[in-house]
Amino acid sequence: MISEKTYRPSAPLNQFVDFIWIGQAPELNIESNHYAALFTELIFNYGNTFNVDGQNVESFKNKYVHQIISGLKTEPFQTKISGIYNSAGLILKPFCFGFLLDKLGTKDFEYLSEIVYEFLFESNTPNFKKLESELENIFCKIQLDKDLIKYEQFISKKDLNNGVMQSFNQSIEISQKNFIKKFKKHYKITPNQYFKLKKVNETIQLIENNKAYNLTEIGLQSGFYDQSHFIKIFKGFCGYSPKEHLKKIQR
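Computed from a predicted model, the values in this text were never measured in an experiment.

Draft legend 1. Quick peek at the overall build of the protein chain. Each helix and strand in the protein chain was counted, giving 10 helices and nine strands. Over its C-alpha trace the protein chain gives a radius of gyration of 19 Å, about what one expects of a compact globule, namely 18 Å for 251 residues. Overall, the protein chain is about 55 × 50 × 30 Å in size when its C-alpha atoms are taken along their principal axes. Scored against the burial criterion, the 251 residues of the protein chain give a buried share of 45%. Residue pairs in contact within the protein chain that sit at least 24 positions apart in sequence constitute 70% of those at least 6 positions apart. Taken as a whole, the protein chain presents about 13,500 Å² of accessible surface, with 47% of it coming from carbon and sulfur. When the 32 basic and 27 acidic side-chain charges of the protein chain are each reduced to a single mean position, those positions are 5 Å apart.

Draft legend 2. A look at the pairing of strand S5 (residues 49-53). Side-chain alternation along S5 places Phe50 and Val52 on a buried face and Thr49, Asn51 and Asp53 on a face that remains uncovered. Judged from the five bridges that link them, S5 and strand S8 (residues 77-82) form a sheet pairing that is antiparallel. Across the sheet, the residue bridging to Asn51 is Lys80, located in S8.

Draft legend 3. Spatial organisation of the pattern of salt bridges. Applying the stated criterion across every chain yields a total of five salt bridges. Among the salt bridges present, the one from Lys182 reaches Asp145, with a minimum N-O distance of 3.2 Å. In this pair, Lys182 is assigned in helix H6 (residues 176-187) and Asp145 in the loop between helix H3 (128-139) and helix H4 (146-157), connecting sequence segments 37 residues apart. Where Asp147 meets Lys182, a salt bridge forms, and the shortest distance between an N and an O atom there is 2.7 Å. On the criterion of sequence distance, the pair formed by Asp147 in helix H4 and Lys182 in helix H6 is long-range, its members being 35 residues apart. A single network of salt bridges, built from pairs that share partners, joins Asp145, Asp147 and Lys182.

Draft legend 4. Region of the structure containing the sheet that holds strand S6 (residues 57-61). With antiparallel pairing, the six strands of this open sheet are ordered in space as S1-S2-S9-S4-S7-S6. With partners counted over all chains shown, the strands left at the sheet margins are strand S1 (3-7) and S6, one partner each. Averaged over all pairs of adjacent strands, the angle between strand axes in this sheet comes to 15 degrees, irrespective of strand direction. Two strands pair when backbone bridges link them, and strand S2 (residues 17-25) and strand S9 (residues 85-92) are joined in this way by eight bridges, in the antiparallel orientation. Within the sheet, the bridge partner assigned to Phe19 lies in S9 and is Ile91.

Draft legend 5. Just the sheet that holds strand S3 (residues 30-34), in detail. Across the sheet, three strands lie side by side as S3-S8-S5; this open sheet has antiparallel pairing. A strand with exactly one partner marks an edge of an open sheet, and here the two such strands are S3 and S5. Taking each pair of neighbouring strands and ignoring which way they run, the sheet shows an average axis angle of 10 degrees. Of the pairings in the sheet, the one linking S3 to S8 comprises five bridges and is antiparallel in character. Bridge pairing in S8 links His34 to Phe77.

Draft legend 6. Just helix H10 (residues 242-250), in detail. Restricting attention to buried positions, one finds in H10 the residues Pro242, His245 and Leu246. All buried residues of H10 fall inside an arc of 100 degrees around its axis, so they share one side.

Draft legend 7. Quick look at the side chain of Asn56. You can see Asn56 is positioned in the loop between S5 and S6. Accessibility expressed as a relative area gives 18% for Asn56, which makes it buried. Polar contacts involving the side chain of Asn56 include one to the main-chain carbonyl oxygen of Leu72, which spans 2.7 Å. Those residues within four positions of Asn56 in sequence are excluded, and the remaining contacts are Ile69, Ser70, Gly71, Leu72, Lys73, Phe97, Tyr187, Lys188 and Ile189.

Draft legend 8. View of a negative patch on the surface. A cluster of like negative charges, contributed by Glu110, Glu114, Glu118 and Glu122, occupies part of the molecular surface. Structurally, Glu114 is set in helix H2 (residues 107-121). When its relative accessible area of 46% is taken as the criterion, Glu114 is described as partly exposed.

Draft legend 9. How the structure looks around the nonpolar core. In this structure, Ile20, Leu42, Leu120 and Tyr151 are the most contacted members of the largest nonpolar core, which totals 61 residues. Excluding anything up to four places from it in sequence, Tyr151 contacts Met165, Phe168, Phe179, Phe183, Pro191, Tyr194 and Phe195. One finds Ala37, Ile68, Ile81 and Tyr85 within the second-largest nonpolar core, a separate group that totals 12 residues.

The rules we used
Residues numbered from 1 in each chain as written. Predicted model: local features only at pLDDT ≥ 70, side-chain atom pairs only at ≥ 80, totals over all residues. Heavy atoms only, no water. Helix = DSSP H or I, 4+ residues; strand = E, 2+ residues; numbered from the N terminus. Rg over C-alpha atoms; globule rule 2.2 N^0.38 Å. Buried < 20%, exposed > 50% of the residue type's maximum accessible area, 1.4 Å probe, protein only. Contact = heavy atoms within 4.5 Å. Areas by Shrake-Rupley, 256 points an atom, 1.4 Å probe, with all protein chains shown as cover. Lys, Arg positive; Asp, Glu negative; His and termini not counted. Charge placed at Lys NZ, Arg CZ, Asp CG, Glu CD. Pairing = 2+ DSSP bridges. Salt bridge = Lys/Arg side-chain N within 4 Å of Asp/Glu carboxyl O. Axes fitted to C-alpha atoms, helices over the stretch in contact; angles between N-to-C directions. Arc of directions from axis to C-beta. Polar contact = N/O pair within 3.5 Å; in protein donor to acceptor, adjacent residues only side chain to side chain. Patch = residues over 30% accessible without salt bridge, like charges linked within 9 Å, V, L, I, M, F, W, Y side chains within 5 Å. Core = buried A, V, L, I, M, F, W, Y, C linked by side-chain atoms within 4.5 Å.

Dropping the structure here:
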């Protein structure tokens, strides 16, 4: 039997962490395929095998814990779990990948692995509130980059059409080249790839919320040129077409 729980932190930690999860089972053997993710995930595996295969994955393993950072992806990826399932993770804002990568394998992460285990696994009931307090002390020291914040705010308020990137580039003080360099350091993909990834995830939400919705209309509503452009980008990120995705959720 699998035991799973999630917890959504409040401010100020929610600037960085969307939610915390924990999963446990005496035995679990599963392989899963996932479409391209629009978040960064930090996983602590205290059980047997937990592998994430795909783009932008980094890990560090010692005899006590396997730490995995999984970042934004412009293609499908796979997870494999086998044996004792004893894992926890943080679903973080996309920009956290760069910060986490600098900390992977350090004493800071060693301490983080210890407190995650202490508060989530050592008692019968996970203590998310205490963990949240400890995480605040770690994450809230991070200085958020004003240009990256502006970018997130800009594309969240604008319609996701093809003029958004040009408008944003004209609104910042640094050059487009320097912004792309900064962006890739934190997100591991380009602003344009992230923009497309955001549009694809928006279409997935629209499809799943409206199972009989017109797919061409969904593509146009999400800012794609036309149906062929929509299908090409969607298939590249997800590994299957919008029509195939609709069929999967209608079963």
